[in-house]
Amino acid sequence: MKINRASDLSKIKKQGLELLSPATTRITVGSATCGLAKGAGKVLEALKYEVKKKKIQAEVVAVGCNGLCYAEPIVEVIQPGKPRITYGPVTVERVGELLKAIKTGKVVQDLALARHDEEAYCPNIAPLKYAKGKVPAALSGIKEYRKQDFFKNQLKLVSKNAGTISPSRIEEYIALDGYKALAKVLTEMKPEDVIKEVTVSKLRGRGGAGFPTGLKWQACRSAAGDKKYIVCNGSEGDPEIGMHRSFLESDPQAIIEGMAIAGYAVGAEAGYIYVNDRYVVALERLEEAIRQAEQTGLLGSNILGSGLSFSLKVKRGGGAYVCGEETALLNALEGLSGEPRPRPPYPAQQGLFGKPTVVNNIETLANIPLIALHGGKWFAKIGTASSTGTKIVALSGAVAQPGWVEVPLGTPVKAIIETFGKGTGTGKKVKAFQTGGPSGGVLPASLLNIKLDYDQLTKAGSLLGSGGLLVMDEGTDMLDMAKFLTDFFAEETCGKCSTCREGVKRLQEIIDSIMQGYGTKEHLNLVKRMAAAMSDTAACALGKTAAVPFLSVLKHFPKEVEGKLLRKGA
Amino acid sequence: MATLKINGKKITAPEGATILEAAREHDIKIPTLCSNEALKPYGACRLCIVEVTKNGRTTIETSCTYPAEDGLEVKTESPRVAEGRKLVIELYLARCPNVKIIRQLAEEYGIKESAPQMGKDNDYCILCGLCVRACNEVVKAGAIQFAGSGINKIVDSPFHKTAEDCVACGSCAFICPTGIIKKNDLPSTSQCTPEGCTQTGAQREILNWQVEHKLKVCTKCGNPYAPEPHLTKITRQYYFLPEFFNICPSCRQYPVVDEDKCLGCGGCMEACPIGALELEDKGGYDKKAHVFTGNCTACHTCEDYCPMKAIS
């Protein structure tokens, strides 16, 4: 259905709500890549087959990931008038048992993880109610999700829809107040007002450097150019982090809405979403989402009768780490090799095809509809004074329950590891952790109380980056870790500038010589000298931080490295 | 015009100039390896780093890419710059210990050897990208490119096979600061088989790109002077006539019309195989032959034809 008035959104919203809490049973399967890897595809097929065979009045829907990656495949059941129940891990063998329970209105107790009486999907908006009246006795044994540590301590703003709505149905996104922000912006706000709200919100880029988004937009708006572009950075070349993928697989419409608002604010009529080519499922769902938005009239020309034109294209990237750097990404988009461009000129002045361009990370753009809808002041209250809002953190490494969570900025790292990761899971203590992907520093357990905050982490010699949190337990050899990260840089450096290319190669050699037992104090001094010079002379953030992992290991775990040096007289 | 300070000295730079250009204009020396006036700034060698203070913030930037803006304060030899530059030279020394230009540079900055803890390679390419950029930006052949990534980056022909688009112009060999790209002009040799011998003709080879092309032989002096595909490319690119390159530049003598002798009969105009002659009005009925040197291939057919011997 194509709509050309903002008021028509409510019609689609009604359709969406009927899909979300239907008159019959709705069974959802968490089918993001994390779930699919654990067999969600088979579970989905089995459920569909069995539902048809047993003639159960139910709809089986593939949804995204709600962050409980350790419990995948997750199946959720919504029956009219009853709370939504989360089950996991549901294997193919247990599908029959689950369906039997659904048919008889019972619960599979040992699989049940949580009960949702209502869906508090966004603050300031009344929750979506599933259960009416009292909770049935059979279900009272299951803990309500808002009383569980995992959900209670999170603040789901950006990821509010993830795992609830189907990524390939725009109606369900609209049902949970999707595109309300775009409608508000187009009907009530001037572009300058939008930028003002974003500036007031103090939103900072979620990609790495933490540059204030409002400033970026303002610079692009005031830059002269007949054409402007919005580019969404979904490169995500970091190893062990997959939250952007997960997000695209769960809620692609949020990005489209965010980009359309950004386009209106800076005066751009076209946008590109650059996504890692390895994210097969994400790409499929994103392309489907764009198609649906176009069909609904939320992308294209004269959006909601406002005269705004905005079109989106998906571009596939090779997934190089350096292509997460905005100028390298622009090069890749233009079909050149992914090497950073010299700055200035900044992308906001001369970006894609030489036109003013805003390059924003997926998570940054997903924040935009929230800010536009609830106002910058509301957003600025969340988090800390200088780091506002929430951050999706991908927990990996030595944690009992890996996955991703969304917490307000300013949450201590320790709390994240303990509440959501449930400790290391190996019985050993946490030895070190790394924030911000490979470019971040490796910090010791003594700094576990550090808050997730742009400035604090930078001060400690790490960075918030894209929000990876890699935990290492006592069994980890830190020099091994340094070698792994330096090897990663050796592979991922673009090789354009001399300091990064040659420096990383030499760092690799130095680590090798220490590992082989003939490292000396001079080796370590050279590393320190190189790290200082590299951070000054390298062309882009990758080169500037390439020595940081090794340097932070040297700084925080000196005994471990020095113990491997060549002893006198040996 | 922008006014900025370099090493405390106030200088002005034209609009759009980089710090490097502004500095060189005023005889301030900044070392570079990857910059060339004919090419766009690239910023790969990181030797030209300077300390830039803008709005109270001091950063290290490459002077070849940073625009000379109003109110900048630039230091080309601050301790931070010196330290960074020293490391860059050391890294180059470790990569290419036997390259002359690197050795000279190291000597200039008082560096004898790279740190002994650094490993050593014996590479000859410094990956400055001059050859690649000259081939793409100036020659517009696009025959060579960077290949590989990370620390294994190299300059290579496509798929490490014969560079099909190479016209053997030799720009890469000319611009290469280390001299690792070599073009060889080979004299004609005989290839003999039991059936008989054939002449190969003079050839130019660039072994780096596995390319071998015939050299065009001047129809006048008989000397080989330029690779054929290069001439074909220029002919097409700049709309030259196909016969234009039959004669080498040193043999090219354009016909000169002696206007006293010329009758204006127009015979030469008809005789010219490519229409490089025309009759020019000199007022009244007077007409004189005129040679367009841009098209003339210097074949001197007109000279042979002219009944008055007015063309020489």
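Conventions we followed
- Residues numbered from 1 in each chain as written.
- Chains lettered and ligands numbered in written order.
- Predicted model: local features only at pLDDT ≥ 70, side-chain atom pairs only at ≥ 80, totals over all residues.
- Helix = DSSP H or I, 4+ residues; strand = E, 2+ residues; numbered from the N terminus.
- Rg over C-alpha atoms; globule rule 2.2 N^0.38 Å.
- Buried ≥ 20, exposed ≤ 12 C-beta atoms within 10 Å, placed from the backbone.
- Contact = placed C-beta atoms within 7 Å.
- Nonpolar A, V, L, I, M, F, W, Y, C, P; charged D, E, K, R; others polar.
- Domains from an automatic or database assignment.
- Axes fitted to C-alpha atoms, helices over the stretch in contact; angles between N-to-C directions.
- Parallel < 35°, antiparallel > 145°, perpendicular 65-115°, else oblique.
- Left-handed = near helix turned anticlockwise from the far one by under 90°.
- Pairing = 2+ DSSP bridges.
- Core = buried A, V, L, I, M, F, W, Y, C linked by C-beta atoms within 7 Å.
- pLDDT = per-residue confidence, 0-100.
- Expected span 1.5 Å × (residues − 1).

**Observations concerning the overall build of chain A**
Step number 1: Scanning chain A from terminus to terminus reveals 23 helices and 17 strands.
Step number 2: The C-alpha radius of gyration of chain A comes to 24 Å, within 12% of the 25 Å expected for a compact globule of 570 residues.
Step number 3: Seen along its three principal axes, the alpha-carbon backbone of chain A occupies a region of about 80 × 60 × 40 Å.
Step number 4: Burial status across chain A gives 58% buried among its 570 residues.
Step number 5: Considering only intrachain contacts with a sequence separation of at least 6, the fraction spanning at least 24 residues in chain A is 73%.

**Details of the overall build of chain B**
Step number 1: For chain B, the helix and strand inventory stands at 8 helices and 15 strands.
Step number 2: The C-alpha atoms of chain B give a radius of gyration of 27 Å, which is well past the 20 Å a tight globule of 312 residues would have.
Step number 3: When each of the 312 residues of chain B is scored for burial, the buried share is 34%.
Step number 4: Intrachain contacts of chain B at a sequence separation of at least 6 include 54% that bridge at least 24 residues.

**So, helix 22 (residues 548–556) of chain A**
Residue pairs spaced three or four apart in an α-helix point in one direction, given the helix's 3.6 residues per turn.
Residues and elements named next belong to chain A.
Step number 1: Burial within helix 22 is extensive, with 7 of its 9 residues counted as buried.
Step number 2: If you check which residues of helix 22 are buried, you get V548, P549, F550, L551, S552, V553 and L554.
Step number 3: For helix 22, the secondary structure elements touched by its buried residues are strand 16 (442–444), helix 18 (478–492), helix 19 (498–515), helix 20 (521–537), helix 21 (541–545) and helix 23 (558–562).

**So, the interface of chain B and chain A**
Step number 1: In this complex, chain B contributes 28 residues to the contact, which on the side of chain A involves 30 residues.
Step number 2: At the level of secondary structure, the elements contributing two or more residues to the side of chain B that touches chain A comprise strand 4 (57–62) and helix 2 (79–95) of chain B.
Step number 3: Among the elements that make up the side of chain B that touches chain A, the one with the highest residue count is helix 2 of chain B (9 residues).
Step number 4: Looking at the side of chain B that touches chain A residue by residue, the classes come out as 15 nonpolar, 8 polar and 5 charged.

**Some points on the domain arrangement of chain B**
For an interface, size is often stated in terms of accessible area lost upon the parts coming together.
Step number 1: As assigned here, chain B comprises domain 1 (2–84), domain 2 (130–217) and domain 3 (253–312).
Step number 2: Here the C-alpha centre of domain 3 of chain B lies 41 Å away from the C-alpha centre of domain 2 of chain B.

**Here's the deal with the environment of A115 of chain B**
Step number 1: Structurally, A115 of chain B can be placed in the loop between helix 3 (100–108) and helix 4 (130–138).
Step number 2: A residue is classified by how many C-beta atoms lie within 10 Å of it, and A115 of chain B, with 19 of them, is partly exposed.
Step number 3: It is 24 Å that separates the C-alpha atoms of A115 of chain B and T62 of chain B, two residues lying 53 residues apart in sequence.
Step number 4: With sequence-adjacent residues up to four places away left out, A115 of chain B is seen in contact with L526 of chain A together with E90 of chain B.

**As for the packing of helix 3 (residues 40–53) of chain A against helix 4 (residues 95–104) of chain A**
Residue and element names in this part refer to chain A.
Step number 1: With their axes 10 Å apart at the nearest point, helix 3 and helix 4 run at an angle of 45° to one another. In this view, helix 3 runs oblique relative to helix 4, as classed from their interaxial angle. The chirality of how helix 3 crosses helix 4 is right-handed. Side by side, helix 3 and helix 4 meet where V43, A46, L47, E50 and V51 of the first sit next to V95, G96 and L99 of the second.
Step number 2: When the residues that make up the contact of helix 3 with helix 4 are grouped by side-chain class, the tally is 6 nonpolar, 1 polar and 1 charged.

**Section: the sheet that holds strand 8 (residues 229–234) of chain A**
Residue and element names in this part refer to chain A.
Step number 1: What the 5 strands build is an open sheet, ordered 10-11-9-8-12; its pairing is mixed. Strands with a single pairing partner mark the edges of an open sheet, and in this sheet they are strand 10 (300–303) and strand 12 (357–361). Between one strand and the next, the sheet's axes are offset by a mean angle of 25°, whatever the strand orientation.
Step number 2: Relative to strand 12, strand 8 runs parallel, the two being bridged by 5 bridges. By the bridge assignment, N233 is partnered in strand 12 with N361.

**A look at the sheet that holds strand 13 (residues 224–227) of chain B**
All names here are of chain B.
Step number 1: Taken in spatial order, the 4 strands of this open sheet run 8-11-12-13, and their pairing is antiparallel. Two strands in the sheet have a free side with no partner beyond their single neighbour: strand 8 (183–186) and strand 13. Pairwise comparison of adjacent strand axes, ignoring direction, gives a mean angle of 30° for this sheet.
Step number 2: Strand direction decides the pairing type here: strand 12 (residues 211–217) and strand 13, joined by 3 bridges, are antiparallel. Looking at the pairing, K216 lines up with A226 of strand 13.

**Quick word on the environment of E294 of chain A**
All names here are of chain A.
Step number 1: Within the element layout of this structure, E294 appears in helix 12 (residues 280–296).
Step number 2: Sequence-wise, E294 and M259 are 35 residues apart; in three dimensions their C-alpha atoms are separated by 14 Å.
Step number 3: Excluding anything up to four places from it in sequence, E294 contacts L299 and G300.

**Overview of the domain arrangement of chain A**
All names here are of chain A.
Step number 1: Domains assigned within chain A are domain 1 (6–152), domain 2 (178–380), domain 3 (390–473) and domain 4 (478–562).
Step number 2: The centre of domain 3, based on its C-alpha atoms, is set 22 Å off from the matching centre of domain 4.
Step number 3: Contacts between the two partners involve 9 residues from domain 3 and, on the opposite side, 14 residues from domain 4.
Step number 4: It is strand 16 that contributes the most residues to the side of domain 3 that touches domain 4, 3 residues altogether.

**Looking at the nonpolar core**
Step number 1: Counting 251 residues, the largest nonpolar core has V231, I261, A262, V527 and V553 of chain A together with C131 of chain B as the members making the most contacts within it.
Step number 2: Of the residues forming this core, the biggest block, 10 residues, is contributed by helix 11 (residues 252–266) of chain A.
Step number 3: Core analysis: the second largest hydrophobic core is formed by 14 residues, C262, C272, A276 and V291 of chain B among them.

**Points about the confidence of the model for chain B**
Step number 1: Overall, the prediction assigns chain B a mean pLDDT of 89, with 100% of residues at 70 or greater.
Step number 2: Overall fold confidence (pTM) sits at 0.88, and the ipTM for the predicted complex is 0.87.

**Let's talk about helix 3 of chain A**
All names here are of chain A.
Step number 1: Helix length check: helix 3, at 14 residues, gives a terminal C-alpha distance of 20 Å against a target of 20 Å (1.5 Å per residue), a fit within 8%.
Step number 2: Structurally, helix 3 contributes buried residues whose contacts are with strand 1 (25–30), helix 2 (33–37), strand 2 (58–63), strand 3 (75–78) and helix 4.
Step number 3: Just downstream of helix 3 lies K55, where phi reads positive at about 55°.

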